[in-house]
Amino acid sequence: MTSTNTPAPTQPTSIPVLRRILIYGIYVAVAIAVVGSIVGFVVDGGTGVLSALIGTAMSVAFMGITAGSILLANRVAGNESAIGGFFGIIMGGWLLKFVVFLVLLVLLQDRAWIQPMVLFFCIIAGVIGSLVVDTVVVMKSRMPYTSDVTLPPAPIDD
């Protein structure tokens, strides 16, 4: 007698999607860094280029914290009893991003070597680019609606 059930996946089905988001996010970040550096150079020379690179780095860091915290949470919370740990890691990642963002704003405020508008627009471009990447990758992913559910065995006819 053979079973038609497929074995349970060894990793959550969201992991390949999140990895693809990280890879595409790097491509978007490189594009933002190049375009932002060119515009920054036109606006304010070397200060504009530095501001564009800092804004891009901030965007990449925040995107990486999001995807990285979900990947870590998937690895840590492998069963239903650890679901609190999963959400704790996700919330911790969100709080880390919030605190780091506030600290960076205070540290970079009123610095002569920062062009604030170039920095601002590169951060905004990173946020919008990250949202577009997330949307495109999730829409094109082939994830089942039931995700990681294991079905019971089929009944046997006598």
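Each value, and the rule that gives it
Residues numbered from 1 in each chain as written. Predicted model: local features only at pLDDT ≥ 70, side-chain atom pairs only at ≥ 80, totals over all residues. Heavy atoms only, no water. Helix = DSSP H or I, 4+ residues; strand = E, 2+ residues; numbered from the N terminus. Expected span 1.5 Å × (residues − 1). Buried < 20%, exposed > 50% of the residue type's maximum accessible area, 1.4 Å probe, protein only. Contact = heavy atoms within 4.5 Å. Core = buried A, V, L, I, M, F, W, Y, C linked by side-chain atoms within 4.5 Å. Polar contact = N/O pair within 3.5 Å; in protein donor to acceptor, adjacent residues only side chain to side chain. pLDDT = per-residue confidence, 0-100. Axes fitted to C-alpha atoms, helices over the stretch in contact; angles between N-to-C directions. Parallel < 35°, antiparallel > 145°, perpendicular 65-115°, else oblique. Left-handed = near helix turned anticlockwise from the far one by under 90°. Nonpolar A, V, L, I, M, F, W, Y, C, P; charged D, E, K, R; others polar.

## Remarks on helix H2 (residues 83-108)
Thought 1: Across its 26 residues, H2 extends 38 Å between first and last C-alpha, which sits within 8% of the 38 Å expected from 1.5 Å per residue.
Thought 2: When H2 is considered as a whole, its buried residues turn out to be Phe 86, Gly 93 and Leu 108.
Thought 3: Here the buried face of H2 lies against helix H1 (14-76) and helix H3 (116-140).
Thought 4: Downstream of H2 by one or two residues, Asp 110 has phi in the positive range, about 60°.

## Thoughts on the nonpolar core
Thought 1: Counting residues in each nonpolar core, the largest one holds eight residues, listed as Ile 54, Met 58, Phe 62, Ile 65, Leu 108, Ile 114, Leu 119 and Ile 123.
Thought 2: When residues of this core are traced back to their parent elements, those giving at least two are H1 and H3.
Thought 3: Per-element tally for this core: the top contributor is H1, with four residues.
Thought 4: Setting aside chain neighbours within four positions, we find Ile 65 in contact with Gly 93, Leu 96 and Lys 97.
Thought 5: Formed by seven residues, the second largest nonpolar core is a distinct cluster that contains Val 17, Leu 71, Val 133 and Val 137.

## Some remarks on H3
Thought 1: Between its first and last C-alpha, H3 extends 36 Å over 25 residues, near the 36 Å set by a 1.5 Å rise per residue.
Thought 2: Every buried residue of H3 is accounted for by Val 118, Leu 119, Cys 122, Ile 123, Gly 126, Gly 129, Ser 130, Val 133 and Val 137.
Thought 3: Contacts made by the buried residues of H3 are with H1 and H2.
Thought 4: Of the residues that open H3, the one with a side-chain oxygen 3.0 Å from the backbone nitrogen of Met 117 is Gln 115.

## Observations regarding unusual backbone geometry
Thought 1: In this structure, Asp 110 is a non-glycine residue whose phi angle is positive, near 60°.
Thought 2: When you line up the elements, Asp 110 lands in the loop between H2 and H3.

## Some words on the environment of Lys 140
Thought 1: Mapped onto the elements, Lys 140 comes out in helix H3.
Thought 2: C-alpha of Lys 140 to C-alpha of Val 17: the two residues are 123 residues apart in sequence and 9.4 Å apart in space.

## Structural notes on the side chain of Ser 59
Thought 1: Mapped onto the fold, Ser 59 is located in helix H1.
Thought 2: Not counting the four nearest positions on each side in its chain, Ser 59 is found in contact with Cys 122, Ile 123, Gly 126 and Val 127.

## Some words on the confidence of the model for the chain
Thought 1: The pLDDT averaged across the chain works out to 84; a share of 85% of its residues lies at or above 70.
Thought 2: Across the chain, the element-wise mean pLDDT spans from 89 in H2 up to 91 in H3.

## Focus: the side chain of Gln 115
Thought 1: As for its placement among the helices and strands, Gln 115 is situated in the loop between H2 and H3.
Thought 2: Overall, the relative accessible area of 16% leaves Gln 115 in the buried class.
Thought 3: Separated by 3.0 Å, the side chain of Gln 115 and the backbone nitrogen of Met 117 make a polar contact.
Thought 4: If sequence neighbours within four positions are ignored, Gln 115 has contacts with Val 43, Asp 44, Thr 47, Gly 48 and Ser 51.

## A look at the packing of H1 against H2
Thought 1: Taken N-terminus to C-terminus, the directions of H1 and H2 make an angle of 165°; their axes are 8 Å apart at the nearest point. By the criterion of interaxial angle, the relationship of H1 to H2 is roughly antiparallel. The chirality of how H1 crosses H2 is right-handed. Across from Ile 54, Met 58, Phe 62, Ile 65, Thr 66, Ser 69, Ile 70, Leu 72, Ala 73, Asn 74 and Val 76 in H1, the residues of H2 making contact are Phe 86, Ile 89, Ile 90, Gly 93, Leu 96, Lys 97, Val 100, Phe 101, Leu 104 and Leu 108.
Thought 2: Per-class residue counts for the contact of H1 with H2 are 16 nonpolar, four polar and one charged.

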